[in-house]
Structures are given as structure tokens and as C-alpha cells.
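# Chains, contacts and geometry: an overview
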Amino acid sequence: MTETVETDAGTARITWHRAGRPAFVLAVSHGAGGGVDARDLQALAAVLPGHGVSVALVEQPWRVAGKKVAAAPKTLDVGWRGIWPAVSASGAPVISGGRSAGARVACRTAAELGAHAVLALGFPLHPPGKPERSRAGELLGAGAPTLVVQGGNDPFGRPEEFPEGPYELVEVPYGDHGFAVPKRAPVTQEQALETVTESVVRWIGSLE
């Protein structure tokens, strides 16, 4: 089921993958270079409803409008605030999530929106090759239980680059920023995505 939502940043779109009797809703958005067809988002949408979690795949207004370049961070936050009433309407606790730029949005807005927890997929700790431009403050300031799922070869921040903090980090071995693994890697693409989904299922099961 697809739902359009008017926000102060334009029209957003939510594609629902609903659980029968959801214990949680995972609202999750895409990054600056892709949409909700990203392999990890689609894998979570396929798996989580069977574990009592409804998944709301959120397309930001810039993407719905057909633009090629993502909006500024403040505008992304405006769009995310605008979809919140729709994803929280069921009354189930909402986990705020995203991949890459969407993960930054989830972290920045979690406290003000009252997110139950935060899921950060491929958190862009810094621009590639520029570790001095750290965005760790956004992650550390989320103010809610947080899971980071990070590719072992992510140029935006490898797992060992992350600072200690009040969050859990799961590594996807050999994965890049989009969790793609090289053909020569000793793990398959399917196994890499299973690492993502299984770690998220386990983590959500630990939330109260």
C-alpha cells in the first residue's frame, strides 16, 4: 500500500509493508543517491513484517518530485517531521531509521519526534577521504537506543573508525556503503543482506 503525505518540504510517499499485529513500526528512508529500492531497505521490508514489525519505506519529497540531487539537511528534516503523524498513527512505537543521509535525519530528529529507537544503515560518519569532517555528533546525540549497521569497507566510515558511544554497531563484512560485497569475497550478497536483516530482527527483539 502506498500513501502520499503532504509536508512543508513537498509531497512525500510512504510504501507500507504491514505486519498483522505490529509491535513496532520501522519508518525508514533512503540516502542522497538512491531510493527505497535499495537492497537493504527492500530486504528489511520483506523480512520484518513476519516478525511483528510494520515497515514504512519513506521517499523524501525531493525524490518524489523526480529531482536528481537531494535537498539540504534541514529540508530533509522538515520532510521527515511531516511524515511522522502518518507513521505513528497506529499507536505502535516508531523506530526512526534510514540509510546514509536518511540515517543522519533519523538521528537528528529522534529526540524531538519521540522515536522509540533509531536504526542507522550505512551511517556516513564522514565524506570519503575526509575523516576530519566527522558527523559523529549526530549519531551520539540521537537520544534513543540506536543500532548502526555498517559495511566493513564503507568509504564513508569503516566500523573501526566509529567512536565509542551509547549505540550498538554491527559490521557487514566486506560490504561497501550500500552493503554490496565483491564477487571475490568469501561471503555472498545474500549472506551480507542476511547479516543486515538478522541483526535488525535481533535488535528490535531486545527493545522494550
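Please refer to the structure placed before this passage.
Residues numbered from 1 in each chain as written. Predicted model: local features only at pLDDT ≥ 70, side-chain atom pairs only at ≥ 80, totals over all residues. Heavy atoms only, no water.

## Things to note about the pattern of salt bridges
Per the counting criterion, the structure on display carries 9 salt bridges. Measuring nitrogen to oxygen at the nearest pair gives 2.7 Å for the salt bridge that ties arginine 81 to glutamate 112. Here the residue arginine 81 occupies a position in helix H3 (residues 73-87), and glutamate 112 occupies one in helix H4 (residues 101-113), the gap between them amounting to 31 residues. Given the relative accessible area of 49%, glutamate 112 is considered partly exposed. In this structure, the salt-bridge partner of arginine 202 is glutamate 168, at a minimum N-O distance of 2.5 Å. Separated by 34 residues along the polypeptide, arginine 202 in helix H6 (residues 189-206) and glutamate 168 in strand S8 (residues 168-172) bring together distant segments of the chain. Residue classification places glutamate 168 among the partly exposed positions, given a relative accessible area of 29%. (Salt bridge = Lys/Arg side-chain N within 4 Å of Asp/Glu carboxyl O. Helix = DSSP H or I, 4+ residues; strand = E, 2+ residues; numbered from the N terminus. Buried < 20%, exposed > 50% of the residue type's maximum accessible area, 1.4 Å probe, protein only.)

## Describing the sheet that holds S8
The strands making up a sheet are joined through hydrogen bonds of the backbone, oriented either antiparallel or parallel. Taken in spatial order, the 8 strands of this open sheet run S1-S2-S4-S3-S5-S6-S7-S8, and their pairing is mixed. Each edge of the open sheet is held by one strand with a lone partner, namely strand S1 (2-7) and S8. Across this sheet, the average inter-strand angle for adjacent strands is 20°, counted without regard to direction. Direction of pairing for strand S3 (residues 24-29) relative to strand S5 (residues 94-99): parallel, over a ladder of 5 bridges. In the sheet register, leucine 26 faces S5, and the bridge partner there is isoleucine 95. (Pairing = 2+ DSSP bridges. Axes fitted to C-alpha atoms, helices over the stretch in contact; angles between N-to-C directions.)

## As for the layout of surface pockets
Quantified by volume, the largest pocket comes out at close to 170 Å³. Put simply, the parts of the chain that give the lining of the largest pocket at least two residues each are H3 and H4. Looking at the lining of the largest pocket, the element that brings in the most residues is H4, giving 3 residues. Grouping the constituent residues of the lining of the largest pocket by class yields 10 nonpolar, 1 polar and 3 charged. (1 Å grid on protein atoms, 1.4 Å probe; cavity = no way out; pocket = protein on both sides within 12 Å on 5 of 7 lines; lining within 4 Å. Points joined across faces, edges and corners; volume = space filled by probe spheres on them. Nonpolar A, V, L, I, M, F, W, Y, C, P; charged D, E, K, R; others polar.)

## So, the nonpolar core
With 36 residues, the main nonpolar core has Ile14, Trp80, Ile83, Val87 and Phe123 as its most contacted residues. Taken together, the elements giving at least two residues each to this core come down to strand S2 (10-17), S3, strand S4 (53-59), H3, H4, strand S6 (117-121) and helix H5 (136-140). Sorting elements by how many residues they give to this core places H4 first, with 7 residues. Filtering out sequence-adjacent residues up to four positions away, valine 87 remains in contact with Ile14, Trp16, Val25, Ala27, Ala56 and Val94. With 29 residues, the next largest nonpolar core counts Leu41, Val55, Val172 and Trp203 among its residues. (Core = buried A, V, L, I, M, F, W, Y, C linked by side-chain atoms within 4.5 Å. Contact = heavy atoms within 4.5 Å.)

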